[in-house]
Amino acid sequence: MSAIRCFRFLAFAPLAAGLLSAQAPPPLPADPATLGDEFDGIALAPEWSLFHSAYGWPDKIKALDVGAAEPGVLTLQPYHSAWVRDLNAPFLFKTVAGDFDVRARVRVRGLDGAVPGGTWSLGGLMVRVPNGIKAEAWKPRAENWHFITTGVGHEPGRTMTETKGTYNSYSSLKLRPYGSGWMELRLVRVGMALFALARPDESSPWEVRDRFYRMEGSPYMQVGLIAYTHSVDVPDEPEDAGRINALVLKDARVDMALDVDWIRFSRPQAPPVNDWYAQVNGTNKLADPNLPEAELLAALGA
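Residues numbered from 1 in each chain as written. Predicted model: local features only at pLDDT ≥ 70, side-chain atom pairs only at ≥ 80, totals over all residues. Heavy atoms only, no water.

### Re the overall build of the chain
Thinking step 1. Secondary structure assignment for the chain yields five helices and 14 strands.
Thinking step 2. The C-alpha atoms of the chain give 18 Å as radius of gyration, which agrees with the globular expectation for 302 residues (19 Å, within 12%).
Thinking step 3. Every one of the 302 residues in the chain was classed for burial, and the buried ones make up 52%.
Thinking step 4. A separation threshold of at least 6 residues defines the contact pool for the chain, and within that pool the share at least 24 residues apart is 73%.
Thinking step 5. In the chain, which carries 30 positive and 35 negative side-chain charges, the distance between the mean positions of the two groups comes to 4 Å. (Helix = DSSP H or I, 4+ residues; strand = E, 2+ residues; numbered from the N terminus. Rg over C-alpha atoms; globule rule 2.2 N^0.38 Å. Buried < 20%, exposed > 50% of the residue type's maximum accessible area, 1.4 Å probe, protein only. Contact = heavy atoms within 4.5 Å. Lys, Arg positive; Asp, Glu negative; His and termini not counted. Charge placed at Lys NZ, Arg CZ, Asp CG, Glu CD.)

Listed below in structure tokens is the structure:
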């Protein structure tokens, strides 16, 4: 049985609800399939939003290209950064309303080798709840997001998937051994249930790497691609997120790149459960943390 997160709710505070209602959500396509990108052009499509631009933070992207390093592939290199607690890093996203099934074929590598050098060099898929808080009005304990990434975690040279859930800026992660090279990652939202999956290629079965459960007040989530890495040139120090998020350490050596062959969106195979009470009274079977993995995979589909 793959790793299962403890059952957990997040009830939106009135302040957060007010922030969300104050935002004017962008026009959203009825069919999320139109949000996909095969990266077969020569530049990033304008439909993508960059987290640092949207929220007024400095740019921690060392390099970003489409088709230059490899035809048909987006390549993203981050500066020293991290997605954990209140810290932020490069994030390319599109806004999705309601349930979704997002998949990407990705590879995380070193700049001159198959595996990143150092530690905490990971990239993949993330979904984030918009909070409307920009850099000039930043405050702690307002981050809510989940991800699945691949790369190197705490142990140099050892490749992993990392799954992480962050609730009001409290992060809980899982590192599980996994292969390197090209692979497919997947995040599926069905109401309050969110699942992280991986497989080495399209001919292999999906593996459930994590399950998350959150009572989410907003129908909107920012969905897309993240990459972050750690530099040995940066000493450990007490975490001051407001200060760290405002720094771009361009001279700190890093050895990591995320390659993305494609990202594709769709509605989940599982039917939606729109009533909030049905999410918690057992009607939404996918919200049962004890649902056998085989039944879960059958409900999510190939």
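### Remarks on empty space enclosed by the protein
Thinking step 1. Scanning all chains against the criterion turns up four cavities of 30 Å³ or more.
Thinking step 2. For the largest cavity, the lining is made up of 15 residues, of which Trp 57, Arg 128, Asn 131, Trp 138 and Glu 143 are closest to its centre.
Thinking step 3. Grouping the constituent residues of the lining of the largest cavity by class yields eight nonpolar, three polar and four charged.
Thinking step 4. The wall of the second largest cavity is formed by Phe 51, His 52, Trp 57, Pro 58, Lys 60, Asn 88, Ala 89, Pro 90 and Phe 91. (1 Å grid on protein atoms, 1.4 Å probe; cavity = no way out; pocket = protein on both sides within 12 Å on 5 of 7 lines; lining within 4 Å. Points joined across faces, edges and corners; volume = space filled by probe spheres on them. Nonpolar A, V, L, I, M, F, W, Y, C, P; charged D, E, K, R; others polar.)

### Here we look at the sheet that holds strand β3 (residues 74-78)
Thinking step 1. Spatially, seven strands are ordered β2-β3-β14-β5-β10-β11-β12 in an open sheet, and the strand pairing comes out antiparallel. The open sheet has two edge strands, β2 (61-66) and β12 (207-213), and neither has a second partner. The average undirected angle you get between the axes of adjacent strands in this sheet is 20 degrees.
Thinking step 2. Relative to β3, β2 is paired through five bridges, and the arrangement is antiparallel. Note on β3: the bridge partner recorded for Leu 64 is Leu 76.
Thinking step 3. The strands touched by helix α5 (residues 293-300) within the sheet are β5 (100-109), β10 (183-190), β11 (193-199) and β12, with β12 carrying the most contacts at an inclination of about 85 degrees. (Pairing = 2+ DSSP bridges. Axes fitted to C-alpha atoms, helices over the stretch in contact; angles between N-to-C directions.)

### Re the environment of Thr 229
Thinking step 1. Relative to the assigned elements, Thr 229 resides in the loop between β13 (220-228) and α3 (241-245).
Thinking step 2. As a C-alpha pair, Thr 229 and Arg 109 span 120 residues in sequence and 11 Å in three-dimensional space.
Thinking step 3. Reaching out from Thr 229, the side chain makes a polar contact with the side chain of Ser 121 at a distance of 2.6 Å. (Polar contact = N/O pair within 3.5 Å; in protein donor to acceptor, adjacent residues only side chain to side chain.)

### Remarks on the side chain of Glu 143
Thinking step 1. On the secondary structure map, Glu 143 appears in the loop between β6 (121-128) and β7 (145-152).
Thinking step 2. On the basis of relative accessibility, which here comes to 9%, the residue Glu 143 falls in the buried class.
Thinking step 3. Within the local environment of Glu 143, its side chain forms a polar contact with the side chain of Trp 145, the two groups lying 3.5 Å apart.

### Focus on the sheet that holds strand β4 (residues 91-97)
Thinking step 1. Read from one edge to the other, the open sheet built from seven strands follows the order β1-β4-β13-β6-β7-β8-β9, with strand pairing classed as antiparallel. With partners counted over all chains shown, the strands left at the sheet margins are β1 (49-50) and β9 (170-177), one partner each.
Thinking step 2. Note: β6 against β13, seven bridges, orientation antiparallel. By the bridge assignment, Gly 123 is partnered in β13 with Ala 227.

### Some points on the pattern of salt bridges
Thinking step 1. Applying the stated criterion across every chain yields a total of 17 salt bridges.
Thinking step 2. Ionic pairing is found between Arg 243 and Glu 237, a salt bridge with its closest N-O pair at 3.0 Å.
Thinking step 3. On the basis of relative accessible area, Arg 243 is assigned to the partly exposed category, the value being 34%.
Thinking step 4. Each of Glu 70, Arg 107, Arg 109 and Asp 259 takes part in salt bridges that share partners, so that together they form one network. (Salt bridge = Lys/Arg side-chain N within 4 Å of Asp/Glu carboxyl O.)

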